[in-house]
Amino acid sequence: VQETGIRYSHDVDQQEVEALSSLMTFKCACNDIPFGGAKGGVKINPKKYSVNELERITRRYALEISKKGFLGASIDVPAPDMGTGGREMSWIKDTYSYIFGPVSYTH
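Positions within a chain are numbered from 1, following the residues in the order the chain's sequence is written. The predicted origin of the model limits local features to residues at a pLDDT of at least 70 and limits the giving and counting of side-chain atom pairs to 80 or more, whereas totals for whole chains, interfaces and linings rest on all residues. Remark: hydrogens and water are excluded; side-chain values derive from all non-hydrogen atoms of the structure.

Looking now at helix H3 (residues 86–100). Under the 1.5 Å per step criterion, the end-to-end length of H3 is 21 Å for 15 residues, consistent within 8% with the ideal 21 Å. Throughout, exposure labels follow a simple rule: accessible area from a 1.4 Å probe, protein chains only, divided by the maximum for the residue type, with under 20% read as buried, over 50% as exposed, and the rest as partly exposed. Helix numbers and strand numbers start at the N terminus; a helix is a DSSP run of H or I with at least 4 residues, a strand a run of E with at least 2. Every buried residue of H3 is listed here: Glu-88, Met-89, Trp-91, Ile-92, Thr-95, Tyr-96 and Ser-97. At the exit of H3 stands Gly-101, carrying a positive phi of roughly 100°. Helix span is expected to be 1.5 Å times the residue number reduced by one.

Below, the structure written as structure tokens:
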């Protein structure tokens, strides 16, 4: 399982996401947290989009990473990062539940 910070920033790029992912892996290992590290980024300035547009962008992001098998309770746990918050995490969870059914927190 990985913990992923999802970043919305006009300046985000692949190199930054890879570096942040490495740092998250190291941070989790140093603190005995049983997650790997991962990061995700969408190259947008969220302040320039309406709430409806951000919802569509977020849901599409969730759909695309779900289709690739990068999202799920036993695979990757999204978390907010720069430019995202609880609202975006809620949209991701809702989109995931729509695709795969309700999220279960028990085995």
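Now that the structure has been shown, we can carry on.
A few words now on unusual backbone geometry. Phi is positive for Asp-32, which is not a glycine, with a value near 55°. Following the sequence through the fold, Asp-32 ends up in the loop between helix H1 (14–30) and strand E2 (36–42). Of the residues examined, Asp-32 reaches a relative accessible area of 72% and is grouped as exposed.

Before going further, it helps to spend a moment on the environment of Met-89. Relative to the helices and strands, Met-89 resides in helix H3. Given the relative accessible area of 14%, Met-89 is considered buried. Once you skip the residues sitting within four places of it in the chain, Met-89 turns out to touch Ile-6, Pro-78, Ala-79, Pro-80 and Thr-84. The criterion used for residue contact is that any of the two residues' heavy atoms lie within 4.5 Å.

The next thing to look at is the packing of aromatic side chains. Ring geometry is summarised as follows: Phe, Tyr and Trp rings, the Trp one being its six-membered ring, pair when their centres sit within 6.5 Å, and such pairs are stacked at plane angles under 30 degrees, edge-to-face over 60 and tilted between the two. Summed over the entire model, instances satisfying the criterion amount to one aromatic pair. Ring geometry for Tyr-96 versus Phe-100: centroids 4.7 Å apart, planes at 40°, classification tilted. On the criterion of helical spacing, the pair formed by Tyr-96 and Phe-100 is a turn pair, its members being four residues apart in helix H3. Relative accessible area serves as the criterion here: at 18%, Tyr-96 is assigned to the buried category.

Among the structural elements, Ile-57 can be located in helix H2 (residues 51–67). Once the C-alpha coordinates of Ile-57 and Pro-46 are considered, the two residues, eleven residues apart in sequence, prove to be 10.0 Å apart. If we skip the residues at most four places from it in the chain, Ile-57 touches Tyr-8, Val-42, Ile-44 and Tyr-49.

All quantities given are derived from atomic positions and should not be read as evidence of function.
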